[in-house]
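Single-letter residue listing:
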Amino acid sequence: MPRRPTPPALELPAPIAAAIAATAAATGRSVAFLVARALAAAPDAPPAAPDPATAPLVLTADEDDPPRAVARARAAAVAQVAAAWAATRDRFAAWAARVAQAERAAAADDLEAALRDAAAPAAAPARLAALAGSEYARVRALVAANPAAPAEALA
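As the structure is a prediction and not an experimental result, all values here were calculated from the model. (Residues numbered from 1 in each chain as written. Predicted model: local features only at pLDDT ≥ 70, side-chain atom pairs only at ≥ 80, totals over all residues. Heavy atoms only, no water.)

A.B. asks: How should the nonpolar core be read in this particular structure?
C.D. replies: With 23 residues, the main nonpolar core has L12, I20, V31, V35, L57 and V81 as its most contacted residues. Residue assignment for this core shows that the elements contributing at least two residues are β1 (9-13), α1 (14-27), α2 (31-41), β2 (54-58) and α4 (78-119). Residues within four places of V35 in sequence aside, it is in contact with I20, L57, L59, A73 and V81. Within the second largest apolar cluster, 10 residues are counted, among which are A118, L128, L131 and V143. (Core = buried A, V, L, I, M, F, W, Y, C linked by side-chain atoms within 4.5 Å. Buried < 20%, exposed > 50% of the residue type's maximum accessible area, 1.4 Å probe, protein only. Helix = DSSP H or I, 4+ residues; strand = E, 2+ residues; numbered from the N terminus. Contact = heavy atoms within 4.5 Å.)

This is the structure we're talking about:
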């Protein structure tokens, strides 16, 4: 069986590598995308102060990335990536905050729908059974009190 190629990695100052990886996780975008966007947004950023502690930053990619995102990130000097991130990190942090806010709003909408459905006497038994496993205690309590709840939802 052929071995999968190891994704490329950059040895960056540890705090920058951690920040980029955390931002990628928070936004649902790849590391390669974030590095390429930082480089494009701050091509002439002043050099960042050198940090002796480094950490590898694996250049993950996904199908939503521009075709040359990984190549652009690999071609950049480590100092250039560090400088570009330092110059753009506030914008990326604001983007991650907007993504988190949107996810909280979606979760609130989901909770509102779950509460409404769990209390509805005409709710479908299959829906009530699904809601019985909710992470929210209030939803589970409403399902338990609903006369239309199937027996397996109450177990």
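A.B. asks: Hey, could you run me through the pairing of β2 in this one?
C.D. replies: The side chains of a regular strand alternate, residue by residue, between the two faces of the sheet. Burial along β2 is one-sided: A55 and L57 are buried, while T54, P56 and V58, pointing the other way, are not. Strand direction decides the pairing type here: β1 and β2, joined by five bridges, are antiparallel. The partner of P13 across the bridge, within β2, is T54. (Pairing = 2+ DSSP bridges.)

A.B. asks: Sorry, what's going on with the packing of aromatic side chains here?
C.D. replies: The geometry of an aromatic ring pair is captured by two quantities: the separation of the ring centres and the angle between the planes. Using the criterion set out here, one finds three aromatic pairs in the structure. With a centroid separation of 4.8 Å and an interplanar angle of 20 degrees, the aromatic rings of W85 and F92 are classed as stacked. In textbook terms, an aromatic cluster arises when at least three aromatic residues are bridged by ring pairs, as seen for F33, W85, F92 and W95. The residue whose ring lies beneath R29 is F33, and the NZ or CZ to ring-centre distance is 3.7 Å. (Phe/Tyr/Trp six-rings, centres within 6.5 Å; stacked < 30°, edge-to-face > 60°. Lys NZ or Arg CZ within 6 Å of the ring centre and 35° of its normal.)

A.B. asks: How should I be thinking about α4 in this particular structure?
C.D. replies: The α-helix advances 3.6 residues per turn, and as a result positions three or four apart in sequence lie on the same side. Of all the bends in α4, the largest measures some 55 degrees and sits at T88. In this structure, the buried side of α4 is in contact with β1, α1, α2, α5 (125-131) and α6 (137-145). (Bend = angle between axes of the 7 residues up to and from the residue.)

A.B. asks: Please clarify how the environment of A69 should be interpreted in this entry.
C.D. replies: Locating A69 in the fold gives a position in helix α3 (residues 69-75). Setting aside chain neighbours within four positions, we find A69 in contact with A32, F33 and A36.

A.B. asks: What is the right way to look at the environment of A122 in this model?
C.D. replies: In this fold, A122 is placed in the loop between α4 and α5. Taking the C-alpha atoms as reference, A122 lies 9.3 Å from N146; in sequence the two are 24 residues apart.

A.B. asks: What is the right way to read the pattern of salt bridges from this model?
C.D. replies: Oppositely charged side chains are able to pair whenever their charged atoms sit close together. Scanning the model with the defined rule gives three salt bridges in all. With its nearest N and O atoms 3.9 Å apart, the salt bridge here joins R116 to D117. Between D117 and R127 there is a salt bridge whose closest N-O contact spans 2.8 Å. You can see D117 sitting in helix α4 and its partner R127 sitting in helix α5, a full 10 residues away along the chain. Sharing partners across several salt bridges, the network here consists of R116, D117 and R127. (Salt bridge = Lys/Arg side-chain N within 4 Å of Asp/Glu carboxyl O.)

A.B. asks: Help me understand the packing of α1 against α2 in this model?
C.D. replies: Helices that pack against each other are described as a pair by the angle of their axes relative to one another and the distance between those axes. As a packed pair, α1 and α2 sit with axes 9 Å apart at the nearest point and diverge in direction by 110 degrees. As far as their axial angle goes, α2 and α1 are roughly perpendicular. The way α1 lies across α2 gives a crossing that is right-handed. For the pair α1 and α2, contact is made by I20, T23, A24 and T27 and by V31, L34 and V35, respectively. Of the residues that constitute the contact of α1 with α2, the class distribution is five nonpolar, two polar and no charged. (Axes fitted to C-alpha atoms, helices over the stretch in contact; angles between N-to-C directions. Parallel < 35°, antiparallel > 145°, perpendicular 65-115°, else oblique. Left-handed = near helix turned anticlockwise from the far one by under 90°. Nonpolar A, V, L, I, M, F, W, Y, C, P; charged D, E, K, R; others polar.)

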